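Architecture and fold: a report
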Amino acid sequence: MKSTASSRRTTARALLATGILTSLALTGCTKSEDSSDDKATEQQADAGQEVASPSAGSGPSCTIDTFGGEKLDLKNATVGFSQSEKEANPFRIAETASIEAEAKKRGIKLLTANAQSQFSKQISDVQDLIAKGADVLVIAPLNSDGWEPVLKTAAAKHIPIVTVDRKINAEACKDYVSFIGSDFVEQGKRAADQMIEATGGKGEIAILLGAAGNNVTTERTKGFVDQIKAEAPGLKVVFQQTGEFAREKGQSVTENLIQSKPGIKGIYAENDEMGLGAVNALKGAGKKAGDVKIVTIDGTRNAVQGIVDGWISGVVESNPRFGPLAFQTLDSFTKGDEVSQDIVIKDTEYTEANAESDIAKAY
């Protein structure tokens, strides 16, 4: 039942076209609510996104001619960015900051909108960005389905769309150009490996599911469950309930979990905020650090501190610094270069071995 994560990480798939091969180590300047000191800012800049195992010409790609648009100089264009969720979540804070910083660095006009976790608002937000003159769009989707109104409007004006951190259920290089994000199934597998190591591979465990309606929740669940079944049959998933990617909901669900499953040995939270909510619930129930093993995904500063403090066993990173790679992709595409339809980024992880030394890299 020993962890096989190291061999699996080397096989993480990524599709990167020739137009963005020079962006393998792009970095973005972001600030989370805990990153005010110079050292933290410097280390965060070194934690920018890197494309996993790039291979020129591998996998489906897209060009502006195939897409049906016209070449343009991105420096003279207006970029619209649609954020999906309230920026109480450090992931969203860092993501928006990265997009804004890269636009400023490149001298590009940027229009932004925040859907405040309301999908109907996000649809109207993007329609409004188009009406205001956005030539290209970067969208962080709240849901994967329901984008037909936006796609129809964008297609009529041949507006290229890049989605980040979540996919939309549509046809690449027709409805949108590229998706940039993590391998979420792989994240789930790596979280499972951390849970196996933390628990010794035996006992009852629970899953705090992310919000319904998007590929991140589905894929992080699949990766975790499949890996547990394959590598640690002595671990039994006895509880699954959505925490909606929110700290408060994660806390309330865990409070119920403790009552219904007092012998629970581990909790897999599909993002850090729910994991931190679980920590609050355990503290409120009089539990001690380490009594219940918690593994999360994201890589926020507070979650990594949770490892240092002994409340969290491991964190799989999901890097939110999309600005440099998103703009490089758009720049290459609008110049007429070929870009990949799926651009998968590398993610690191935090454990007891590196949490204290690497905490400044977290967001």
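Above this text sits the structure in question.
Parameters at a glance
Residues numbered from 1 in each chain as written. Predicted model: local features only at pLDDT ≥ 70, side-chain atom pairs only at ≥ 80, totals over all residues. Heavy atoms only, no water. Helix = DSSP H or I, 4+ residues; strand = E, 2+ residues; numbered from the N terminus. Contact = heavy atoms within 4.5 Å. Axes fitted to C-alpha atoms, helices over the stretch in contact; angles between N-to-C directions. Parallel < 35°, antiparallel > 145°, perpendicular 65-115°, else oblique. Left-handed = near helix turned anticlockwise from the far one by under 90°. Disulfide = S-S within 2.5 Å. Buried < 20%, exposed > 50% of the residue type's maximum accessible area, 1.4 Å probe, protein only. Salt bridge = Lys/Arg side-chain N within 4 Å of Asp/Glu carboxyl O.

1. Quick notes on the overall build of the protein
The helix and strand tally for the protein stands at 13 helices and 14 strands. Within the protein, counting contacts between residues at least 6 apart in sequence, those at least 24 apart form 79% of the total.

2. Points about the packing of helix 7 (residues 184-199) against helix 8 (residues 215-231)
Closest axis-to-axis distance for the helix 7/helix 8 pair is 7 Å, and the angle between their directions is 40 degrees. Our classification of the angle between helix 7 and helix 8 gives oblique. Considering only the axes of helix 7 and helix 8, their crossing is right-handed. In this structure, helix 7 contributes Phe-184, Val-185, Gln-187, Gly-188, Lys-189, Ala-191, Ala-192, Asp-193, Met-195 and Ile-196 to the contact, and helix 8 contributes Asn-215, Val-216, Glu-219, Arg-220, Gly-223, Phe-224, Gln-227, Ile-228 and Glu-231.

3. Let's talk about the state of the cysteines
This model, assessed by the stated rule, comprises one disulfide. The partner cysteine of Cys-62 in its disulfide is Cys-173, sulfur to sulfur 2.1 Å. Across the disulfide from Cys-62 to Cys-173, rotation about the S-S bond amounts to roughly 80 degrees, and the bridge is consequently right-handed. Linking Cys-62 in strand 1 (residues 61-62) with Cys-173 in the loop between strand 5 (161-164) and strand 6 (178-181), this pair joins segments that are 111 residues apart in sequence. Classification of Cys-173 by relative accessible area gives buried; the value is 9%.

4. Examining the pattern of salt bridges
Evaluation of the coordinates by the stated rule reveals 14 salt bridges. The salt bridge partner of Arg-166 is Glu-85, with a shortest N-O separation of 2.8 Å. A residue pair is termed long-range when its members are at least 10 positions apart, and Arg-166 in the loop between strand 5 and strand 6 and Glu-85 in the loop between strand 2 (78-83) and helix 4 (90-106) qualify at 81 residues. Of the two residues examined, Arg-166 and Glu-85, each falls in the buried class. Asp-125 is the salt-bridge partner of Lys-121, the closest N and O atoms lying 3.2 Å from each other. Here Lys-121 pairs with Asp-125, and both are found in helix 5 (residues 119-131), just four residues apart, close to one helical turn. What makes Lys-121 partly exposed here is its relative accessible area of 29%. Overall, the relative accessible area of 11% leaves Asp-125 in the buried class.

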